[in-house]
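Take a look at the letters that make up each chain.
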Amino acid sequence: MSKSRDKKKRYEDSSDSDSAEEARKKDLKERDEFANRLKQKDANRTRNIVAASEKKAYEEAAKRLKIEAEDRDKMVPMLRIHSRRKYLEKRKDDKLQELEADIQDDEFLFENDILTERERKERQHKKELLKLAQEHEKARELERVQRYHMPSDAGKSSEYVEVDELENMPQSEQKKWEKEQMASAVYSFGAKEKAKRDEYELLLANQIDFIQALKLPGSKDKEDKKPELTESERKKLDIQETKKSLPVFPFRDDLIQAVRDHQVLIIEGETGSGKTTQIPQYLHEAGFTDDNKKIGCTQPRRVAAMSVAARVAQEMNVKLGNEVGYAIRFEDCTSERTIIKYMTDGTLHREFLSEPDLQSYSVMIIDEAHERTLHTDILFGLVKDIARFRPNLKLLISSATLDAQKFSEFFDDAPIFRIPGRRFPVDIYYTKAPEANYVDACVVSVLQIHATQPLGDILVFLTGQEEIETCQELLQDRVRRLGSKLKELIILPVYANLPSDMQAKIFDPTPPGARKVVLATNIAETSLTIDNIIYVIDPGFAKQNHFNSRTGMESLIVVPVSKASANQRAGRAGRVAPGKCFRLYTLWSYKHELEDNTVPEIQRINLGNAVLMLKALGINNLMKFDFLDPPPRETMVLALEQLYALGAFNHRGELTALGRRMAEFPVDPMMAKMLLASDKYKCSEEAVSIAAMLSVNGAIFYRPKDKIIHADTARKNFNHVGGDHLTLLNVYNQWRDSDYSTQWCYENFIQYRSMKRARDVREQLVGLMQRVEIEMVSNVSEVDNIKKSIISGYFYHVARLSKSGSYKTVKQNQSVTIHPSSALFEDLPRWLLYHDLVYTTKEYMRVVMEIQSKWLLEAAPHYYKPKELEDSTNKKMPKTVGRSTRTD
DNA sequence: GAGCACTGC
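On a predicted model such as this, the values are computed, not experimentally measured, just so you know.

Next up on the list: the nonpolar core. Formed by 117 residues in total, the largest nonpolar core has its most connected members in Phe411 and Phe665. Sequence-distant contacts of Phe411, that is, excluding residues within four places in its chain, are made with Val264, Ile266, Phe380, Val383, Lys384, Leu395 and Ile397. Among the nonpolar cores identified, the runner-up in size contains 32 residues, and Leu265, Ile279, Val324 and Tyr326 belong to it.

As structure tokens, this is what we get:
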């Protein structure tokens, strides 16, 4: 800690002369001039993109929604059965140790600091997490697998322990319904199990307080009366009928009035209420789009923004992209005529840079606010601020039930407007004792449901690809052994990295008499909605990314889910009919061990880019920015410190001309700096390609289990002596020379989907380079120049080989290792630049390249002092290290 | 000698 204080002092010492003051003034002037030029550009830019590129946008949207690249099918990784479990086990142990160490570090390093309430809570949360995980392990060691059983016949219902809340429940109808459900469930035990039957009990908890489905008014009569309607007329009528049948419809007039009366309104509504599609239309009909103003609505996901916009355009009988449009990254499907605009939250966040007061909007709706993405969290603070000086701007914050009160308080006690949803009740079952091994428990549960419960598809939530594949294997094996005793069971995996055509299989209708089991990651919690799911199995775990601002290291840990998340999962069973959710943990765990809500993203990630953006929007004191839940102070300090070191801020904390340019790029500040520095080194084409390749996280090289040797050989052909950055450049350039061929990717074990994405990112970056007035020039042969522009951004990420033969990061003195996938894995250059640090089995540097220490002085003279970069290992390297050092 | 939950600009 004292180290960082020294650092700060040093910055100040180096910049307090008169000439520095003048330079500062000049820089600020330049910055403002640049900002003005950008404004001018934006004003001149015609917004009528649709007219020119409507067809293209349509095609692209269709393509994106459609399944991508057929030949990815061939690249599907073969099932990785062996040693997967072992690997998982090993990693879990490591993660546990890491968490433990983290807590110890915390307590040691910050022992004497006065903790804020939040910091104290965070520490407490970590401790509880560790305790939980350890207990989970203990239960496993016991190997006494106790499983819950399916509901038996009604006569035996006294066998089930009723939970207190059930008794408190006022509606006896619920109870009655429940009994009926129990009666309909038939459970038959195997002969062997029958003896044990009495040992088991099912813990039956209360029903989630879901709102009973509203009845759809029958539209059939009316149709019969008017058989002479044309197809399109009937379609129109159907749309009107559907609109009227939505739960939000009866609230139309009250809602419009409430928006008129209040500037900020919190909309509390379950999914399926129709709020996302209807509210913007109501407000449009009520005249909120007069005077050329727009209604905006943000969504956390691209697909949602696109599909909702398409739906609303259809309902309003207009062409998508005209009156109703959407804007997402790489695609702007709006025009000057657009009055209802759907967009992703990140897009609106970016839009703030060119329109900081949202002047063109009369209403802004922030939908799905309870998901608490980084972008919505920042938008909260921004729109709250704007609302103060734009009294005619209406804000609607729409959220699921639990958070509404919190949002209301944040927005100065804004009124809450409640809209019922349309969802069927879901019975929740808990296990009596903690499950020892939840993958096994999932398999057993699936089979029990399949054997005893009425038909209906099953959704199982697991943490990742590995687990899903293990579970799939186990299930297939068991089903095969049971042979024809059971009905057909179709087992389908789904996770984000699965090729889209494989993903699409989960949407195929289940054949009559069969049952579908979908093994999914969190992707099925919000992003994908699968129809006909009646049963949900929830082990209660998920993977979560954590950023440690002290070490700058990221790690992915399996953690218990939150109550909100568990309820969201359960809700997936009640979309088409009453459902059942089997939780593989106890009611006690649910009540006492699960957090109410998932830790918001803003508290878990590196904030470099977010901080730069806010600064570019003129928010000067970020420590006082109005966050709904503020990020950890340390993360904030690290971000500010890095931005200062990069030259985005001057010593007074003001945004510099460089910083203003950096903010234009939707990338990490270090990468933005690298891109801007490429101008000086005349290699902007190369820098942009490298940046694009780095932006698709590590999913470039394809390495199927059965073709490891081929894949590795193919990969080595791309290796560049200069390091992994240049290897990536090689891959991109060769792909480009192949005319972006899919066949080329297949032959070279490269993932086509990732390359396509890199190309999209690259195109966008090139556009932005032109926007910040940088010429695109290519200079592939000048490798040192390319490296120098990378160093200009990433000088913070440097490690040096120590005497002991291991690497230490220069600033944090953290022990790190070259990742085995690196081209330099067997090489041990004295100075290394790494792209990122990730903790998996060890502390790894991913994507590294060799550098010369004198380049560091050139790139960041304010940051490194010559003394710091003296080689303490000037003599020969220890023999054990082997060949080394081509440095300096 | 390796492991990528999920979004998004």
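Here the focus is the confidence of the model for chain A. Considering every residue of chain A, the mean pLDDT works out to 77; 74% of them sit at 70 or more. In the model, residues 1-15 has pLDDT below 50 throughout and makes 22 contacts with residues more than four positions away in sequence or in other chains. Across residues 136-228, confidence stays below pLDDT 50; counting only partners more than four residues off in sequence or on other chains, it has 148 contacts.

What follows deals with the state of the cysteines. In this structure the tally under the stated criterion is zero disulfides. Between Cys333, a cysteine without a disulfide, and Cys297, which holds the nearest cysteine sulfur, the sulfur-to-sulfur distance is 16 Å.

In this section: the UniProt feature "domain: Helicase C-terminal" (unreviewed entry) in chain A. According to UniProt, the positions carrying the feature "domain: Helicase C-terminal" (unreviewed entry) are residues 445-618. The span residues 445-618 is 32% helix and 25% strand, and its two end C-alpha atoms sit 55 Å from each other.

The subject of this paragraph is the pairing of strand S8 (residues 361-366). Within S8, six of the six residues are buried, leaving the element largely enclosed by the surrounding structure. Taken together, the five bridges between strand S4 (residues 294-299) and S8 define a ladder with parallel strand orientation. Its bridge partner being in S8, Lys294 is matched across the sheet by Tyr361. Looking at chain direction, S8 and strand S9 (residues 394-399) are connected through four bridges and run parallel. By the bridge assignment, Met364 is partnered in S9 with Leu395. You can see the chain leave S8, run along helix H15 (residues 374-389) and come back into S9, and the turn it takes is right-handed.

A few words now on the environment of Asp18. Structurally, the position occupied by Asp18 is in helix H2 (residues 18-44). Between the C-alpha atom of Asp18 and that of Ala564, which follows or precedes it by 546 residues, the distance is 56 Å.

This brings us to the pattern of salt bridges. Side-chain pairs of opposite charge can arise where the charged atoms are in close proximity. Tallied over the entire structure, the rule returns 33 salt bridges. Here Lys275 makes a salt bridge to Asp367, at a shortest N to O gap of 3.6 Å. Here Asp367 lies in the loop between S8 and H15 and Lys275 lies in helix H12 (residues 275-285), a separation of 92 residues in the sequence. Assessed through its relative accessible area of 8%, Lys275 is described here as buried. Salt-bridge contacts for Arg660 lead to Glu664; the nearest nitrogen and oxygen are separated by 3.2 Å. Summarising the burial analysis for this pair, Arg660 and Glu664 share the class buried. Among the charged side chains, a salt-bridge network with shared partners connects Glu21, Arg24, Arg652 and Glu654.

For the rest of this paragraph, the subject is the pairing of strand S5 (residues 324-328). The buried fraction of S5 is high, at five of five residues. On S5, burial covers both faces: Val324, Tyr326 and Ile328 on one face and Gly325 and Ala327 on the other are all buried. Pairing of S5 with strand S7 (residues 340-344) involves four bridges; the strand directions are parallel. If you follow Val324 over to S7, its bridge partner there is Ile340.

Okay, the side chain of Gln814 next. For Gln814, the position within the fold is in the loop between strand S20 (807-809) and strand S21 (815-818). Judged by its relative accessible area of 16%, Gln814 is buried. When residues no more than four places from it in sequence are discounted, the contact partners of Gln814 are Thr551, Met553, Tyr807, Lys808, Thr809 and Glu843.

Along the chain, the position of Thr635 falls in helix H23 (residues 633-646). The buried category is assigned to Thr635, whose relative accessible area is 5%. The residues contacting Thr635, other than those within four sequence positions of it, are Phe547, Ser549, Ile605, Asn606 and Leu607.

Now for the sheet that holds strand S3 (residues 264-269). On the basis of which strands lie adjacent, the open sheet formed by eight strands has the order S6-S5-S7-S4-S8-S9-S3-S10 and mixed pairing. Whereas interior strands pair on both sides, the edge strands pair on one side only; in this sheet they are strand S6 (331-333) and strand S10 (416-419). Averaged over all pairs of adjacent strands, the angle between strand axes in this sheet comes to 20°, irrespective of strand direction. Packed on one face of the sheet, helix H13 (residues 302-315) meets S4, S5, S6 and S7 and runs near 170° to S5.

Considering all chains together, one arrives at 17 aromatic pairs under this definition. Ring centres 4.9 Å apart and planes at 75° place the aromatic pair Trp735 and Tyr740 in the edge-to-face group. By relative accessible area, Trp735 is classed as buried at 1%. Put simply, the rings of Phe380, Phe407, Phe410 and Phe411 touch in pairs and so form one group of aromatic residues. Sitting above the plane of the Tyr361 ring, Lys294 keeps its charged end 4.8 Å from the centroid. When the ring centre of Phe410 is taken as origin, the NZ or CZ atom of Lys384, which lies over that ring, is 4.2 Å away.

About the criteria used
- Residues numbered from 1 in each chain as written.
- Chains lettered and ligands numbered in written order.
- Predicted model: local features only at pLDDT ≥ 70, side-chain atom pairs only at ≥ 80, totals over all residues.
- Heavy atoms only, no water.
- Core = buried A, V, L, I, M, F, W, Y, C linked by side-chain atoms within 4.5 Å.
- Buried < 20%, exposed > 50% of the residue type's maximum accessible area, 1.4 Å probe, protein only.
- Contact = heavy atoms within 4.5 Å.
- pLDDT = per-residue confidence, 0-100.
- Disulfide = S-S within 2.5 Å.
- UniProt positions renumbered as here; feature names shortened; annotations may be inferred.
- Helix = DSSP H or I, 4+ residues; strand = E, 2+ residues; numbered from the N terminus.
- Pairing = 2+ DSSP bridges.
- Right-handed = clockwise from strand over helix to strand, strands pointing away.
- Salt bridge = Lys/Arg side-chain N within 4 Å of Asp/Glu carboxyl O.
- Axes fitted to C-alpha atoms, helices over the stretch in contact; angles between N-to-C directions.
- Phe/Tyr/Trp six-rings, centres within 6.5 Å; stacked < 30°, edge-to-face > 60°.
- Lys NZ or Arg CZ within 6 Å of the ring centre and 35° of its normal.

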